[in-house]
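Remarks on the overall topology
Residues per chain, in single letters:
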Amino acid sequence: MTADLIITNAKVYTVDPQNPHAEALAIAGNKIVFVGHAAEAMALCTSQTRVIDGQGCTLLPGLNDSHFHLQMGAIQLDHLALDQVSSLAELAAVIKQAPDDGSWIQGNGLSYDIVGNGETLTRHHLDAIESDRPIHLGSLDFHTNWANTKALEIAGILESGEARPGAEILRDANGIATGQINEDMFIVGEHIPASSPAELEDLITRTIAQLNALGITSVTNMDGTAEQMALYADLAARDKFNLRIYMPYSISPQTPVSAIATEAFPLTQQYQTGKVRAGSVKLFIDGVVESGTAYMVDPYLRWPDSRGEPLYDWAHYRDLIVEADKHGMQVKVHAIGSAGIRMTLDAYAAAQAANGRRDSRHRIEHVEVLPNADLPRFKALGVIAAMQPLHATRPASDHYVNWMHCIAETLHHEAFRWRELRAQGTPLPFGSDWPVVTFDPYIGMDAALTQTAWRPDLINQAQTLAETLDSYTRAGAYAEFQDHEKGQLRVGMLADLVLLDCDLFAIDPATIKTVRPQLTVCDGAVVYE
C-alpha cells in the first residue's frame, strides 16, 4: 500500500476515543489509510507521494457545520451587511452606499431596536431614506423583515393581503401595512428578481471556497428542495462542489401529509451517496424569543399577554412527523420556545408509539428554552439537540434586543442547556445557522468555550475544548448517520481533514477565534492551502 498524501510531524487529534492522538496520517484516494507514528507513515511514501510537515500543529477531522442555509446565505453574499448598524442615521448611510442602479436594495442583520426608545421600524422611516427604489431588509435572525412603501406596493400587500399561517403583516389602525412582517421573509422576497443560474452558481462556489478556507468540509442544510439538490449534484458532477451536504425536504404548514410519500421520500432514495445526500424533513414549529414568536409554556416578560403561537395545529404536525418516521426519514424541527420543544417531543413520542422505536436520530434545532420536565425526554426518546454556540451570546451593543430581558428571570435556568444535555448523554452537534451569524467555526468555538453563567446561581454551560471539537466533528457526523464515514480520523474513514496554524491544545483558549487553517482536504483533494 502507498499513499498519495502524508501529513507528518503534526499533533493529530483524531476525535476517536479509542485512539485520540497520533503524529502522522496518510491518505490514498479519498480514504484515510494510516493514522499513527511518523516513521510508519513514511513507509507508505513513494516518489509520487506529497509529504507535508505539520510543524507541530493540530490536525483535525474536517469541520462540520450542523445547521446551515447554503443557498439562502449565498444569495445574500452581496447584500448590505447591517449587523453593525445601531441607529437610523447609520442605516441611512449604509443604504446610500448601495449601487445606484435602480435595483432592489436588500440588507440583512438588522437589529429589532434600530429606532430606539422602544419604537418599531416602519415603512415611513425607510421611505425617508429611499422612496423611489424598493427596500427589503432582514433582521439579525431572519424571522422579521422590513419593507418600504415601494416594496409593499410591488408585493401587493400595502393595503390588503394575508401572510401565511403563523406569520403576520403588521398593519396600522387603517389597515395599511406598517412595513414590518414577522415570520415570512418570502411574501416580499418572492417579488425580487432571482439570480440567474450562472450568478447562483458563482455565489455558491464562492461560499464553498470561504467554507473550505475555514476548514469546513461538511454542512447539514436546514432548508431543501428538489431544485437545490439537483443543482448541487450537478456542481458535484462537474467537480465544482468541494463540500459534503446533507439536505432535508422543507415542510411548511401548507404541506399535505401525502407529500411525504410522493415528494420527500423519493428524494431520499435518489440522493443517498456522494457529496449530496438526502434523508430528512425539516419543519418550523415556532419563531424566536427576540420577537416574541417562539412558542412558550410561560408568558413573556417583555410581552406579558403573549406566549407566542405554534405554526401548526397539533394533529397536522403530529401526522407529518409520524408519516416521515414511518418512511424511515429523519425529522429536524426548529423549536426554540419551551412549548414548541414540548410539542415536538410529544410528536416524536407519537411517532414511536405508532411506528415502533428505531434508530431515528430525530433532532430539535436551537433548543433555547428547555423546561426541567422535558430535559430527560431527549435521552428517553433518543432525540438529538442541535445547537448553535453564538446564539447564546448577544453583542454588548445596546441596539440589540437583550434575550434575557424577553423572558422572566425564573426561566433563565432553562436557557441554552448545553452542559446538562451533554451530561445526560444527549448528542450535541454544533453549527452556525448561517447566514444568521458568521459561519467562522473558531468564533463559534470561542462562544462555546468562554460562555459564562448569566448569574452566580445558574449552571455554567461552557464546554471543554475536547467537547467543543466533538460537537463540530464526530457529533455532527452522527447526527446525519455518517459517523461510520467521517467525523474522526481513522483508517477507512473519508479523507476530510484540516491542518491548523497552531497546537490547539497549547494556545490560550481566549485566542481560539484567531486560529486559521493552513490546509483543508475534502474527499482526498486539497481544497484550500
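Before going into details, it helps to say that this report is about the structure given with it. What you are looking at is a predicted structure, and each value in this text was computed from that prediction instead of being measured.

Concerning the sheet that holds strand β16 (residues 330-335)
With parallel pairing, seven strands are arranged side by side in an open sheet as β6-β13-β14-β15-β16-β17-β18. Each edge of the open sheet carries a strand with a single partner, namely β6 (63-68) and β18 (384-386). On average, each strand axis in the sheet is tilted by 25 degrees relative to the strand beside it, whichever way the strands run. Across three bridges, strand β17 (residues 363-366) lies against β18 in parallel orientation. The partner of Glu365 across the bridge, within β18, is Ala386. Along the sheet, helix α8 (residues 226-237) makes contact with β13 (216-221), β14 (244-250) and β15 (276-284), crossing β14 at roughly 165 degrees. Relative to β15, helix α9 (residues 259-270) is tilted by about 145 degrees, and along the sheet it contacts β14 and β15.

Some thoughts on α8
Under the 1.5 Å per step criterion, the end-to-end length of α8 is 16 Å for 12 residues, consistent within 8% with the ideal 16 Å. By the burial criterion, the buried members of α8 are Gln228, Met229, Leu231, Tyr232 and Leu235. End-on, the buried residues of α8 take up no more than an arc of 160 degrees, which puts them together on one face. Opposite the buried face of α8, at more than 90 degrees from it, the exposed residues are Glu227 and Ala237. On its buried face, α8 sits against α2 (70-75), α7 (197-213), β13, β14, α9 and β15.

Side note on the pattern of salt bridges
For the coordinates displayed, the defined rule picks out 28 salt bridges. The residue Glu201 makes a salt bridge to Lys240 at a minimum N-O spacing of 2.5 Å. One end of the pair, Glu201, is in helix α7; the other, Lys240, is in the loop between α8 and β14, with 39 residues separating them in the sequence. Shared partners join several salt bridges into a network, and the residues in it are Glu201, Asp234, Arg238 and Lys240.

Comments concerning the side chain of Ser139
Take Ser139: it is sitting in strand β9 (residues 135-139). Apart from residues no more than four positions distant in its own chain, Ser139 is found in contact with Gly109, Leu110, Tyr112, Thr144 and Trp146.

A look at the sheet that holds strand β11 (residues 168-171)
Think of a sheet as strands paired side by side through backbone hydrogen bonds, with each pair either parallel or antiparallel. Strand order in the open sheet formed by six strands is β7-β8-β9-β10-β12-β11, with mixed pairing between adjacent strands. In this open sheet, the two strands that pair with only one neighbour each are β7 (80-81) and β11. The pairing of β9 with strand β10 (residues 144-147) spans three bridges and is classified as antiparallel. Considered in β10, the bridge of His136 is made with Ala147.

Examining the packing of aromatic side chains
In this description, a pair of aromatic rings is defined by centroid distance and the angle of the planes. Tallied over the entire structure, the rule returns 13 aromatic pairs. Summarising the aromatic geometry, the rings of Tyr112 and Trp146 are spaced 6.0 Å apart at their centres and angled 70 degrees between planes, so their arrangement reads as edge-to-face. Here Tyr112 is found in the loop between β8 (105-110) and α4 (123-129), whereas its partner Trp146 is found in strand β10, with 34 residues between them in sequence. A single burial state applies to Tyr112 and to Trp146, both of which are buried. Members of the aromatic cluster, each reached through a chain of ring pairs, are Phe68, Trp434 and Phe439. Between the NZ or CZ atom of Arg361 and the centre of the ring of Tyr478, over which it lies, the distance is 3.9 Å.

Let's talk about helix α14 (residues 441-450)
Within α14, eight of the 10 residues are buried, which leaves it mostly tucked inside the rest of the structure. The set of residues buried in α14 consists of Pro441, Tyr442, Gly444, Met445, Asp446, Ala447, Ala448 and Leu449. Where α14 is buried, its residues touch β6, β13, α13 (418-423), α15 (465-471), β19 (497-500) and β20 (517-522). Of the residues flanking the start of α14, the one acting as N-cap is Asp440, its side-chain oxygen 2.9 Å from the backbone nitrogen of Tyr442.

Reading guide: rules and limits
- Residues numbered from 1 in each chain as written.
- Predicted model: local features only at pLDDT ≥ 70, side-chain atom pairs only at ≥ 80, totals over all residues.
- Heavy atoms only, no water.
- Pairing = 2+ DSSP bridges.
- Helix = DSSP H or I, 4+ residues; strand = E, 2+ residues; numbered from the N terminus.
- Axes fitted to C-alpha atoms, helices over the stretch in contact; angles between N-to-C directions.
- Contact = heavy atoms within 4.5 Å.
- Expected span 1.5 Å × (residues − 1).
- Buried < 20%, exposed > 50% of the residue type's maximum accessible area, 1.4 Å probe, protein only.
- Arc of directions from axis to C-beta.
- Salt bridge = Lys/Arg side-chain N within 4 Å of Asp/Glu carboxyl O.
- Phe/Tyr/Trp six-rings, centres within 6.5 Å; stacked < 30°, edge-to-face > 60°.
- Lys NZ or Arg CZ within 6 Å of the ring centre and 35° of its normal.
- Polar contact = N/O pair within 3.5 Å; in protein donor to acceptor, adjacent residues only side chain to side chain.

Coordinates in, geometry out; function isn't part of it.
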